[in-house]
Amino acid sequence: AQSVSQHNHHVILSEAASLELGCNYSYGGTVNLFWYVQYPGQHLQLLLKYFSGDPLVKGIKGFEAEFIKSKFSFNLRKPSVQWSDTAEYFCAVNAGSNTGKLIFGQGTTLQVKP
Amino acid sequence: NAGVTQTPKFRILKIGQSMTLQCTQDMNHNYMYWYRQDPGMGLKLIYYSVGAGITDKGEVPNGYNVSRSTTEDFPLRLELAAPSQTSVYFCASSYSRDGGEQFFGPGTRLTVL
C-alpha cells in the first residue's frame, strides 16, 4: 500500500535556526507532492507543491522543498525559522490517482522558541 | 468567496447518537473529501466524491456515510456514534483530479462520550 512517512514527529528550534523536515513516500510511479501547514487553531493551508520540472520548489513564507526521485523523498527546508513558523507540517502525496486523493504523513509539530 | 465552510465547529455526542457534519464549498469544485485527524496519525481519508451523485470510500469509512446531491454540499453522517470516532473532521475540495491543491475547511471537533 502507498504510504508517506515523516521522520520527525516533534522538532524544537530557536529562532534563526535552519529547518529541514523529512518526508519519504512509497510509490514507484509518477507522483504529485505537497506540503501543508496547520497553524494553531487554523485549518490546513498549502505551503508548496511539486508536479513536474525543477525538483527544487519554492513556496510561501520562505519555505522550499526538494524532490529527489531516487530517494523517494520530498524534504521541506527553511534557512532561518521564525517564531511564527510554529505549526504542524504535513507532507502529502497524490500517487497515480485520478480522483485527487491525497495520502498524508503523520505530521511534524514544529515549535520555534523566541 | 467563503471557500470551504463546516458546521458545527464543536460537538459532544453520547454513544449511540447520530449526527451530520455539514460541508459546503462555493468554488464550484467537483472533487470533495472528508478526512479525520487524530494526534500523531496525520489525516485519514474517510470518503470522497468526484462529482454530484458520485461518492466512494476512502481509507477509514466504517461508521460513516456520505451523500452528494449538489456540487456545493458534501455532508458526512455518523449513524451510531462510538468513542473511536472522537476526532477532528476536515472537509476539503479540489478543482482537479490530477493532484490539484485541496482547500480545507476549518474543521469540526467531535467528542463522543
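Source: prediction; values computed, not measured.

### Some words on the overall build of chain B
Stage number 1. Per the secondary structure count, chain B includes zero helices and eleven strands.
Stage number 2. Going residue by residue from the N terminus, the α and β elements of chain B occur as β-β-β-β-β-β-β-β-β-β-β.
Stage number 3. For 113 residues, the compact-globule estimate of 2.2 N^0.38 gives 13 Å, and chain B sits close to it at 13 Å.
Stage number 4. Among the 113 residues that make up chain B, the fraction classed as buried is 49%.
Stage number 5. Partitioning the intrachain contacts of chain B with sequence separation of at least 6 by distance along the chain shows that 54% fall at a separation of at least 24.
Stage number 6. Only carbon and sulfur atoms are counted for the fraction: they give 51% of the accessible area of chain B, which is about 5,300 Å².
Stage number 7. Both charge centroids of chain B, one from 10 positive and one from 9 negative side chains, sit 10 Å from each other.

### Observations concerning the pattern of salt bridges
Stage number 1. The tally for this structure, following the rule as stated, stands at seven salt bridges over all chains.
Stage number 2. One salt bridge in this structure joins Lys78(A) and Asp85(A), with 2.9 Å as the shortest N-O distance.
Stage number 3. Across the salt bridge formed by Arg36(B) and Asp38(B), the nearest N and O atoms sit 3.0 Å from each other.
Stage number 4. Using a relative accessible area of 17% as the deciding quantity, one classes Asp38(B) as buried.
Stage number 5. One salt-bridge network, held together by shared partners, links Lys58(A), Glu64(A), Glu66(A) and Arg77(A).

### Looking at the interface of chain B and chain A
Stage number 1. At the interface, 23 residues of chain B touch 21 residues of chain A.
Stage number 2. Carbon and sulfur atoms supply 56% of the area buried between chain B and chain A, which totals about 1,700 Å² over both sides.
Stage number 3. Across the chain B-chain A interface, the total number found is six residue pairs in polar contact (both at pLDDT 80 or more).
Stage number 4. For the side of chain B that touches chain A, the secondary structure elements donating two or more residues are β4 (31-38), β5 (42-51) and β10 (102-104) of chain B.
Stage number 5. Tallying contributions element by element places β5(B) first for the side of chain B that touches chain A, with five residues.
Stage number 6. Of the residues belonging to the side of chain B that touches chain A, the class tally is twelve nonpolar, eight polar and three charged.

### Observations regarding the state of the cysteines
Residues and elements named next belong to chain A.
Stage number 1. Per the stated rule, a full pass over the model turns up two disulfides over all chains.
Stage number 2. Covalently, Cys23 is tied to Cys91 through a disulfide, its sulfur atoms 1.9 Å apart. Between Cys23 and Cys91, the S-S torsion sits near -65°, and that sign places the bridge as left-handed. Note that Cys23 is positioned in the loop between β3 (19-21) and β4 (24-26) and Cys91 in strand β10 (residues 87-95), a separation of 68 residues in sequence.

### A short note on the packing of aromatic side chains
Stage number 1. Considering all chains together, one arrives at 13 aromatic pairs over all chains under this definition.
Stage number 2. Where Tyr36(A) meets Phe104(A), the ring centres are 6.0 Å apart and the plane angle is 50°; that geometry is what we call tilted. Of this pair, Tyr36(A) sits in strand β5 (residues 31-38) while Phe104(A) is found in strand β11 (residues 103-104), placing the two residues 68 residues apart along the sequence. Note on accessibility: Tyr36(A) and Phe104(A) belong to one class, buried.
Stage number 3. Ring centres of Tyr35(B) and Phe104(B) lie 5.8 Å apart, and the angle between their planes is 35°; on these two criteria the pair is classed as tilted. Taken as a pair, Tyr35(B) in strand β4 and Phe104(B) in strand β10 lie far apart in primary sequence, 69 residues in all.
Stage number 4. Judged by relative accessible area, which is 0%, Tyr35(B) ranks as buried.
Stage number 5. Residue Phe104(B) is classed as buried on the basis of its relative accessible area of 5%.

### Structural notes on the sheet that holds strand β3 (residues 19-25) of chain B
Residue and element names in this part refer to chain B.
Stage number 1. One open sheet accounts for four strands, arranged β1-β3-β8-β7; its pairing is antiparallel. Since the sheet does not close on itself, it has two edges, and those belong to β1 (4-7) and β7 (64-66), each with one partner. Geometrically, the sheet is characterised by an average inter-axis angle of 20° between neighbouring strands, direction not taken into account.
Stage number 2. One ladder, built from three bridges, connects β7 with strand β8 (residues 76-78); its direction is antiparallel. Its bridge partner being in β8, Asn65 is matched across the sheet by Arg77.

What counts and what doesn't
- Residues numbered from 1 in each chain as written.
- Chains lettered and ligands numbered in written order.
- Predicted model: local features only at pLDDT ≥ 70, side-chain atom pairs only at ≥ 80, totals over all residues.
- Heavy atoms only, no water.
- Helix = DSSP H or I, 4+ residues; strand = E, 2+ residues; numbered from the N terminus.
- Rg over C-alpha atoms; globule rule 2.2 N^0.38 Å.
- Buried < 20%, exposed > 50% of the residue type's maximum accessible area, 1.4 Å probe, protein only.
- Contact = heavy atoms within 4.5 Å.
- Areas by Shrake-Rupley, 256 points an atom, 1.4 Å probe, with all protein chains shown as cover.
- Lys, Arg positive; Asp, Glu negative; His and termini not counted.
- Charge placed at Lys NZ, Arg CZ, Asp CG, Glu CD.
- Salt bridge = Lys/Arg side-chain N within 4 Å of Asp/Glu carboxyl O.
- Buried area = accessible area lost by both parts, 1.4 Å probe.
- Polar contact = N/O pair within 3.5 Å; in protein donor to acceptor, adjacent residues only side chain to side chain.
- Nonpolar A, V, L, I, M, F, W, Y, C, P; charged D, E, K, R; others polar.
- Disulfide = S-S within 2.5 Å.
- Phe/Tyr/Trp six-rings, centres within 6.5 Å; stacked < 30°, edge-to-face > 60°.
- Pairing = 2+ DSSP bridges.
- Axes fitted to C-alpha atoms, helices over the stretch in contact; angles between N-to-C directions.

Any link to function would need more than the numbers given here.
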